[in-house]
Amino acid sequence: MELSQAKYKSGIYIGNVLEVRKEENRALFQVLAVLTHPNQGDLHHPKQIDVPFFHERKALAYLEKAWVPFSTVKPYEGELPDYELSLKAAWEAACERLQNDDSDWAVKSLQLLKELRKEYSF
């Protein structure tokens with residue numbers, strides 16, 4: 001099976017497409033690795049903190065299946081990284097981006113990511 005990458009909410013993942021429903025623009029995607037950790041907060045009001053609920057967004061789990069927009073599915077070129085190592089690298093990259101941002105959104109997002117680290121156990 002050919003590896004693909006796809007977006008789910010604000011995260012980007014490597015995995016396999018299990019089913020496609022083109023007329024609905026969606027594909028059933030099974031996660032094998034994480035490229036980009038999802039952003040924290042409200043996806044409908046990005047980078048805003050004054051929202052009804054500031055979401056903690058975990059990365060999809062290893063072998064988790066999700067319906068992703070088919071239009072975001074692309075072939076993945078390269079070696080498949082280990083899930084745990086890819087999750088840690090994506091989490092670290094997200095933290096690094098936020099550390100250079102002194103907005104309230106970045107501070108709150110970084111706080112949530114640090115809480116997620118405990119759940120991720122690395």
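Structure's up top.
Quick summary incoming for the structure in this document. Not measured: the values here are computed from a predicted model. Throughout this description, residue numbers start from 1 for each chain and increase along the sequence as written. Given that this is a predicted model, residues contribute local features only at a pLDDT of at least 70 and side-chain atom pairs are listed and counted only at 80 or more, while totals for whole chains, interfaces and linings are drawn from all residues. Water and hydrogen atoms play no part in the side-chain values, which are based on all heavy atoms of the structure.

1. Considerations on the sheet that holds strand 4 (residues 65-69)
Then step 1. The criterion for strand pairing is that DSSP finds at least two bridges linking the strands in question. Each helix is a run of H or I in the DSSP string that is no shorter than four residues. Each strand is a run of E no shorter than two, and both are numbered from the N terminus. A sheet is described by the order of its strands in space; here 5 strands give the open sequence 4-3-2-1-5, paired in antiparallel fashion. Each edge of the open sheet is held by one strand with a lone partner, namely strand 4 and strand 5 (74-75).
Then step 2. Here strand 2 (residues 11-21) pairs with strand 3 (residues 26-36) via 9 bridges, running antiparallel. Directly across from Val20, in strand 3, lies its bridge partner Ala27.

2. A look at the pairing of strand 3
Then step 1. Counting buried residues along strand 3, 8 of its 11 residues qualify, which places the element largely inside the surrounding structure.
Then step 2. In textbook terms, the turn of a hairpin is the stretch between consecutive antiparallel strands, and for strand 2 and strand 3 this stretch comprises 4 residues, one of which, Asn25, has a positive phi near 50°.
Then step 3. Direction of pairing for strand 3 relative to strand 4: antiparallel, over a ladder of 5 bridges. Residue pairing across strands places Ala27 opposite Val68, the latter belonging to strand 4. For every residue, the accessible area (1.4 Å probe, protein chains only) is compared with the maximum for its type, and the residue is labelled buried under 20%, exposed over 50%, or partly exposed between those bounds.

3. What to know about the pattern of salt bridges
Then step 1. When a carboxyl oxygen of Asp or Glu lies within 4 Å of a side-chain nitrogen of Lys or Arg, that pair is called a salt bridge. Under the definition given, this model contains 5 salt bridges.
Then step 2. Put simply, Arg21 and Glu24 hold a salt bridge, and the shortest N to O gap is 4.0 Å.
Then step 3. A relative accessible area of 40% means that Glu24 is categorised as partly exposed.

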